[in-house]
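Reading the structure
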Amino acid sequence: MANHKGVSIAVDLRSHENNSAHRTKEIDREHLIVRRGQPFSITLQLSDNLLPYHSLALVLYLGDNLVITVQDEYGANDKWWFHQQKAQDEVLLSLHSPADAPIGLYQLGVSVMSRDGQIVQETNNLRFHLLFNPWCKDDAVYLPEEILLQEYVLNEDGIIYMGAWDHINSIPWNYGQFEDHVMDICFEILDNSNNARQNLAEDCECRSDPVHVSRIITAMVNSNDDSGVLFGRWTGSYSDGVAPYNWTGSVPILQQWSKSGYRAVRYGQCWVFAAVACTVLRCLGIPTRVITNFCSAHDVDGNLSLDFLFNEKLESLEGSGKSDSSWNFHCWVESWMKRPDLPTGNDGWQVLDPTPQELSDGIFCCGPCPVTAIKEGTLQVKYDTPFVFAEVNADIIYWIVQNDGQRKKIRVDESTVGRNISTKSVYGDHREDVTRHYKYPEGSKQERKVYERAGRRVMPSNRVGPEQLHLKIEHSNPVFGTDFDVIIEVQNRGNKDTCAQLVMVLKAVTYNSLQLDECQRRKTSITVSAHDAHREVLRLYYDEYAHCVSEHNLINVIAFIEASGENEPTLTMSSIPLIMPELDIEVSGKAVVKEQVKVIISFTNPLSVALKGGVFTVEGAGLLSATKAHVHKDIAPGQKVSCRLSFIPTRAGVKKLLVNFDSDKLKDLKGVATVLVHKRRSHTR
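Notes on the structure follow. (Residues numbered from 1 in each chain as written. Predicted model: local features only at pLDDT ≥ 70, side-chain atom pairs only at ≥ 80, totals over all residues. Heavy atoms only, no water.)

**Details of the overall build of the protein chain**
Along the backbone of the protein chain there are 13 helices and 40 strands. In terms of overall dimensions, the protein chain has a C-alpha envelope of 110 × 60 × 40 Å along the principal axes. Counting the 685 residues in the protein chain, one finds 56% classified as buried. In the protein chain, the share of contacts with a sequence separation of at least 24, taken over all contacts with a separation of at least 6, comes to 67%. Per element, the accessible surface of the protein chain, about 29,800 Å² overall, is 46% carbon and sulfur. Side chains of the protein chain carry 70 positive and 86 negative charges; the gap between the two charge centres is 4 Å. (Helix = DSSP H or I, 4+ residues; strand = E, 2+ residues; numbered from the N terminus. Buried < 20%, exposed > 50% of the residue type's maximum accessible area, 1.4 Å probe, protein only. Contact = heavy atoms within 4.5 Å. Areas by Shrake-Rupley, 256 points an atom, 1.4 Å probe, with all protein chains shown as cover. Lys, Arg positive; Asp, Glu negative; His and termini not counted. Charge placed at Lys NZ, Arg CZ, Asp CG, Glu CD.)

Next comes the structure, spelled out in structure tokens:
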């Protein structure tokens, strides 16, 4: 037998070629990262020729206990196998993974075997990551349209919609799923889940299923019952952390969580939770998009209606325990996947909501819930379909609680909840309305059938009689810092002149309907002629609302009218989002990889008071990590302030530079600039 001493294996994982073919080169060019269901190749170099009576044996290790033998010829689709081509002292191995292989960090062992089964040489230190593969038709996350894959897997920049249903605004967000170390942090999130800590080997095997993985992520993005990423706070001070509105991207949040030893990052609110989940899911290869639902219902008791109680002074009353609420907007994510665990027809977009609201199987998570099940009212389909169905379909019932404790139903609103459901378009930086995916048109026959299928009871007693006096609230789109008018119009749809008492209350609120201070109140007696209208104008001054508005810059208007005789009282509400001033961002010169780029950021103080403690935060995937620039002097009323900085792009392509400005009296100013980064020039003699 030939002497095998001195035989050694040099391995080339061909990371550049493989990562390019597997669309992972943006994550890392030096470490091997591949997608399941798609072959990849490595090269073995031997110190002498691989003799005919030698053979190769390949073994994979995942986690601590999962060992997978790689077959040396084509087998079933659910098995790992490899093919080898020999050329003198070099062997090219093509490895094939099943399309349902668990994702994770694998260790590859390669052994050179003699004819009698003895190991001549071996190496076990070859590592690579395996991700989901939405380009593979056999993968459960397969998405056949390339333009959707470019947006929902590969795009690192996004737009998140906020505000009110009748005045939608947006903020830019840096998902940054391909930034340095983000992929490693994503697997740290999985490894620190309660499931993994209880049984890591079992959890690693379950990571073949995007339903399991996505559900774990929704639980782990919040920190309510595990070592999750974000701690939520909706009221009070944020001085011991970062205010939710100050974040402009997911990367600093994920990095802080990892570096701190998995301590929850403070603080998040719904759009932050959703954006971080989007980053993690896209990084792992699951197509994902952020969704905003306007007038989003939080139905605590599951009766598909929200009961809003007011006393006779129009002060909001909360019942015992948690109360129903209607959020001005609420953000979650949708992820694309098959649902073999459910009846046919439930594949496609799935709602996942990492914001901690209600328990699901004992933990704070929500989904995946098929969007089709929500639209069709099949509420028995898992996970959490009744809760999500209510978020877009619940009725709002307004009650007045009289001094003697009796409740009087004032109004039933069947059409406000679930409006203008929005996401960023794949065709550019504009809004796509996806309401039709969630519900049939209001009042249509299909909508009624869905309610019946959902087991919803619409009783005649739930309806208030026709309103003779109809209330309507009108307002402009006011800029924060200016004075503005709110108009209450009372329409008399009856045949007789009517005398009535009109009460108007303006309150500061948070986006999730927490009541704050009262800005203005007026009560007046009016007479409205038959088939005519009366208009009351309320002037709201900056000095009146500046001290009471929250960081969400929202003012809630409540109008209540009560007439003598047989006329039923009625009430209506509207939210006024205050528009923030814009930041001006000027990028000078041509942006080139590894060459310095200069940028000037400026804005003018629109307030009648000076701003203190000004700070700009700038970041952008492929451009620079989150960087702060402080304004050391007060910014006087009407004064223009500028911030100059430079950065060195690390990756070519169309990138977004995101800016946030914060101060003591003006917060959450956002700006974005598109930067086209060119490849570095090649130097030739």
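What follows picks up the thread again.
**Notes on the packing of helix α3 (residues 182-191) against helix α8 (residues 270-284)**
If you want to describe how two helices pack, look at the angle between their axes and the distance between the axes. It is the contact of α3 with α8, at a shortest axis distance of 10 Å, that shows an interaxial angle of 105°. Put simply, α3 runs roughly perpendicular to α8. Seen from α3, the contacting residues are V182, M183, C186, F187, I189 and L190; seen from α8, they are T279, V280, C283 and L284. Within the contact of α3 with α8, the residues separate by chemical class into nine nonpolar, one polar and no charged. (Axes fitted to C-alpha atoms, helices over the stretch in contact; angles between N-to-C directions. Parallel < 35°, antiparallel > 145°, perpendicular 65-115°, else oblique. Nonpolar A, V, L, I, M, F, W, Y, C, P; charged D, E, K, R; others polar.)

**Some remarks on α8**
A rise of 1.5 Å per residue sets the reference length of α8, with its 15 residues, at 21 Å; its end C-alpha atoms lie 21 Å apart and thus fit the reference within 8%. For α8, a buried count of 15 out of 15 residues is recorded, marking the element as mostly surrounded by other parts of the structure. Positive backbone phi, at 105°, marks G285, one or two positions downstream of α8. (Expected span 1.5 Å × (residues − 1).)

**A look at the pairing of strand β9 (residues 119-131)**
Pairing analysis gives three bridges linking strand β2 (residues 33-35) to β9, with the strands arranged parallel. Paired with R35 across the bridge in β9 is L131. In terms of strand pairing, strand β8 (residues 104-113) meets β9 through nine bridges, oriented antiparallel. Across the sheet, Y106 pairs through a bridge with F128, a residue of β9. With antiparallel pairing between neighbouring strands as the criterion, β8 and β9 make up a hairpin whose turn holds five residues, including G117 at a positive phi of roughly 85°. (Pairing = 2+ DSSP bridges.)

**A closer look at empty space enclosed by the protein**
Per the counting criterion, the structure on display carries two cavities of 30 Å³ or more. In this structure, the largest cavity occupies an estimated 50 Å³ of space. Those elements that provide at least two residues to the lining of the largest cavity are α2 (146-154), β10 (157-164), β14 (288-298) and β24 (419-424). Among the residues forming the lining of the largest cavity, the class breakdown is four nonpolar, two polar and four charged. In this structure, the second largest cavity occupies an estimated 50 Å³ of space. Taken together, I374, K375, F389, N393, Y438, K439, Y440, E447, V450 and Y451 form the lining of the second largest cavity. Of all the secondary structure elements, the ones that give two or more residues to the lining of the second largest cavity are α9 (371-376), α10 (385-393) and α12 (445-453). Looking at the lining of the second largest cavity, its residues break down into six nonpolar, one polar and three charged. (1 Å grid on protein atoms, 1.4 Å probe; cavity = no way out; pocket = protein on both sides within 12 Å on 5 of 7 lines; lining within 4 Å. Points joined across faces, edges and corners; volume = space filled by probe spheres on them.)

**Quick look at helix α7 (residues 251-259)**
Among the residues of α7, those classed as buried are V251, P252, I253, L254, W257 and S258. Downstream of α7 by one or two residues, G261 has phi in the positive range, about 80°.

**A few points about the pairing of strand β23 (residues 407-413)**
Pairing geometry for strand β22 (residues 395-401) and β23, over six bridges, is antiparallel. In the sheet register, Y398 faces β23, and the bridge partner there is R411. Between β22 and β23, which pair antiparallel and follow one another directly, the connecting turn spans five residues, one of which, G405, has a positive phi of 90°.

**With respect to the pattern of salt bridges**
Under the defined criterion, the tally for this structure stands at 29 salt bridges. One salt bridge in this structure joins E442 and K439, with 3.1 Å as the shortest N-O distance. For K439, a relative accessible area of 8% gives the class buried. If you follow the salt bridges from partner to partner, you end up with E26, E156, E179 and R651 in one network. (Salt bridge = Lys/Arg side-chain N within 4 Å of Asp/Glu carboxyl O.)

**So, unusual backbone geometry**
The omega angle of the peptide bond from R266 to Y267 is 15°, so this bond is cis rather than trans. One can find Y267 in strand β13 (residues 265-268). Residue Y262 is not a glycine yet carries a positive backbone phi of 70°. The residue Y262 is located in the loop between α7 and β13 in this model. When its relative accessible area of 28% is taken as the criterion, Y262 is described as partly exposed.

**Notes on the sheet that holds β22**
The strands making up a sheet associate through hydrogen bonds between their backbones, and the pairing can be parallel or antiparallel. An order of β16-β15-β22-β23 is seen for the four strands of this open sheet, with the pairing classed as mixed. Each having just a single partner strand, β16 (316-317) and β23 make up the two edges of the open sheet.

**Some thoughts on the sheet that holds β14**
Spatially, six strands are ordered β21-β18-β17-β14-β24-β25 in an open sheet, and the strand pairing comes out antiparallel. Edge strands, defined here as strands with exactly one partner in the open sheet, are β21 (369-370) and β25 (431-433). Note: β14 against strand β17 (residues 325-337), 10 bridges, orientation antiparallel. Of the residues in β17, the one forming a bridge with N293 is H330. Set on the sheet, α10 makes contact with β14, β17, β18 (348-352), β21 and β24; between it and β14 the angle comes to about 70°.

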